[in-house]
Amino acid sequence: MKQSQDFMAADYPTNDGSGVINCEAPSNIALVKYWGKTAVQIPANPSVSFTLNHSKTVTALYYKYLENASPEVSFDLIFEGKFNEAFKPKIRKFFELVETYVPFVKHYHFEIHTHNTFPHSSGIASSASSMGALAFGLIQLEKKLNPELSESFLNQKASFLARLGSGSACRSIEGPLVVWGKHAQVKESSDLFGVKPALEIHPVFSDYQDTILLIDIGEKSVSSSQGHQLMHGHPFAQNRFAQAHDQLSKLLIALEIGDLDQFIKITESEALTLHAMMMTSQPYFILMKPETLRVIEKVWAFRKETAVPLCFTLDAGANVHLLYPKANKKTVLDFIQSELLIFCKNNAFIDDEVGSGAKLL
Ligand code: 2P0
């Protein structure tokens, strides 16, 4: 069983001069939700997600060797072509948390050029893809310094570092399916990083579609970090954590055998449970909007009428992720056009599908 210490790196000789690492990492959508954590992003329960394909952060990590190591990591952040001060504290915090594991970072000045392929403030969380891309980029630098490290170790370490930036980010390094958090049925699972479960997912899920309806694009009233904290002392917390273990066991079987009914049952239950936890926290809060519920009702009616295995899931926000097999794409897109677009801000949606994770460009 890997421990945090296993990811410590030697203080490599850092004579690699200067250069750039171009990489990208996608967002992911949890099917069994991470909601509640202890210190430094140790999840209160295991989660599993589909890695997305098109919604991603693209990062160019410029590095320049410093003769004298700086006391804290030296970097500039250029978001969408402009120097950005607002996002720097989160990145600074990330570097503070990871520097023990990648001590060479103090020997460089970084210019981090980054942008998302999805619209800013679309309600799509960018922390998973942005922290995923940055962690992956740093690991590529480590690979240059120590070419002997194996691909699987480097992916694990990228996920480990990404987790320290944002919990869900550890599920954005690989794909199409990533489990994060210790779970009895996934031998290789860990609270420290995401893993691809050793199962063959049924072909129907290998190109599963996720069309994201953008219902509310403003700032959320309660952040995910606050939401996680509210699970401490939550009256239903222990039952919820036990339920997540159980639903994950059942979902993995459904994913393996292609049981769409069971997939739908668990995925929708997880989405509603997540929001039920929010509604029963102290203080309680609601992130869904009236349009979220209208869409859910429409999806249920459509499924009943057509028997198309379309289901929804929700992130910590009002947007609705519509999940369905690729074979049903035309029917579902027609349904979205004719009945759901009216619930979307500026008629906007993002057409995505499962993908394979972070990569070098
Ligand atoms: C998830 N979410 O499993 C759950 C479901 C949102 C709803 O993980 O504090 O941004 O950075 O660890 O990962 C969002 O929380 O929180 C999240 P931090 P994160 O995807």
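Computed from a prediction, not measured in an experiment: that's the story for all the values here. One numbering rule holds for all chains: residues counted from 1, following each sequence as written. pLDDT decides what is reported in this predicted model: residues at 70 or higher carry local features, side-chain atom pairs at 80 or more are listed and counted, and totals for whole chains, interfaces and linings draw on all residues regardless. The basis for the side-chain values is all heavy atoms of the structure; hydrogens and waters are excluded.

## Some details on the sheet that holds strand S13 (residues 349-353)
And then number 1: Only when DSSP finds a minimum of two bridges between them are two strands counted as paired. Only DSSP runs of H or I reaching four residues or more are called helices, and only runs of E reaching two or more are called strands; each is numbered from the N terminus. Here we have four strands laid out as an open sheet, ordered S11-S12-S10-S13, and antiparallel in their pairing. Of all strands in the sheet, those with a lone pairing partner are strand S11 (311-314) and S13, marking the two edges. For this sheet, the mean angle separating the axes of adjacent strands, direction not counted, is 25°.
And then number 2: Strand direction decides the pairing type here: S11 and strand S12 (residues 320-324), joined by four bridges, are antiparallel. Each residue of the ladder has a partner; that of phenylalanine 312, found in S12, is leucine 322.
And then number 3: On the sheet, helix H7 (residues 260-279) packs against S11 and S12 and is oriented at approximately 30° with respect to S11.
And then number 4: The contact definition used throughout considers only heavy atoms, calling two residues in contact when any of these lie within 4.5 Å. Interaxial angle, 0 to 180 degrees, is taken between N-to-C directions of lines fitted to C-alpha atoms, where a helix line uses only the stretch in contact. Sheet strands touched by helix H8 (residues 290-306): strand S10 (209-213), S11 and S12. Its angle to S11, the strand with the most contacts, is close to 155°.

## What about the side chain of serine 47?
And then number 1: By the element assignment, serine 47 lies in strand S4 (residues 47-65).
And then number 2: Whenever a nitrogen or oxygen atom comes within 3.5 Å of another N or O atom, the pair is scored as a polar contact, on the condition that within protein one atom can donate a hydrogen and the other can accept it, and that pairs from neighbouring residues in sequence are kept only if both atoms are in side chains. A polar atom in the side chain of serine 47 sits 2.8 Å from the side chain of arginine 171.
And then number 3: Setting aside anything within four residues of it in sequence, one finds serine 47 in contact with Val32, Lys33, Tyr34, Arg171, Val178, Val179, Trp180 and Leu248.

## A few points about the domain arrangement of the chain
And then number 1: Domain delimitation in this document rests on an assignment produced automatically or drawn from a domain database. Entries for the chain in the domain assignment read domain 1 (4-199) and domain 2 (207-353).
And then number 2: Facing the 33 residues of domain 1 at the interface are 42 residues of domain 2.
And then number 3: Taking both sides of the interface into account, the surface hidden between domain 1 and domain 2 amounts to around 3,200 Å²; carbon and sulfur atoms contribute 68%.
And then number 4: Values labelled buried area give the accessible surface lost by two parts on being combined, using a 1.4 Å probe and summing over both. Contact with domain 2 buries surface across domain 1, with Leu31, Lys33 and Trp35 losing the most and accounting together for 26% of the total.
And then number 5: At the junction of domain 1 with domain 2, the criterion picks out 14 residue pairs in polar contact (both at pLDDT 80 or more).
And then number 6: Those elements giving two or more residues to the side of domain 1 that touches domain 2 turn out to be strand S1 (18-32), S4 and strand S8 (177-180).
And then number 7: Each residue is assigned to one class: nonpolar for Ala, Val, Leu, Ile, Met, Phe, Trp, Tyr, Cys and Pro, charged for Asp, Glu, Lys and Arg, and polar for all the others, Gly among them. In the side of domain 1 that touches domain 2, the residues fall into 18 nonpolar, twelve polar and three charged.

## Details of the packing of helix H2 (residues 127-145) against helix H3 (residues 151-165)
And then number 1: Contact geometry for H2 and H3: axes closest at 8 Å, N-to-C directions at 140°. On the basis of their axis angle, the class for H2 and H3 is oblique. For the element pair H2 and H3, the recorded crossing hand is right-handed. Here Met131, Gly132, Ala135, Phe136, Ile139, Glu142 and Lys143 of H2 lie close against H3, whose contacting residues are Glu151, Leu154, Asn155, Lys157, Ala158, Leu161, Ala162 and Gly165.
And then number 2: In the contact of H2 with H3, the residues fall into eight nonpolar, three polar and four charged. In what follows, roughly perpendicular refers to angles from 65 to 115 degrees, roughly parallel to angles under 35, roughly antiparallel to angles over 145, and oblique to any angle outside these ranges. Left-handed is the label given to a crossing in which the near helix is rotated counterclockwise from the far helix by less than a right angle, and right-handed is the label when the rotation is clockwise.

## A word on the pattern of salt bridges
And then number 1: Think of a salt bridge as a Lys or Arg side-chain nitrogen and an Asp or Glu carboxyl oxygen that are within 4 Å of each other. In this structure the tally under the stated criterion is 13 salt bridges.
And then number 2: The salt bridge involving aspartate 76 is made with lysine 88; its shortest N-O contact spans 3.8 Å. Placement of aspartate 76 in strand S5 (residues 74-79) and of lysine 88 in helix H1 (residues 88-98) is noted, with a sequence separation of twelve residues between them.
And then number 3: The rule is simple: take the accessible area with a 1.4 Å probe, protein chains only, and divide by the maximum for that residue type; under 20% is buried, over 50% is exposed, in between is partly exposed. Taking relative accessible area as the criterion, aspartate 76 reaches 23% and is therefore assigned partly exposed.
And then number 4: For glutamate 339, the salt bridge goes to lysine 298, with nearest N and O atoms at 3.1 Å. Placement of the pair is glutamate 339 in helix H9 (residues 329-340) and lysine 298 in helix H8, with a sequence separation of 41 residues.
And then number 5: With relative accessibility at 27%, the residue lysine 298 sits in the partly exposed group.

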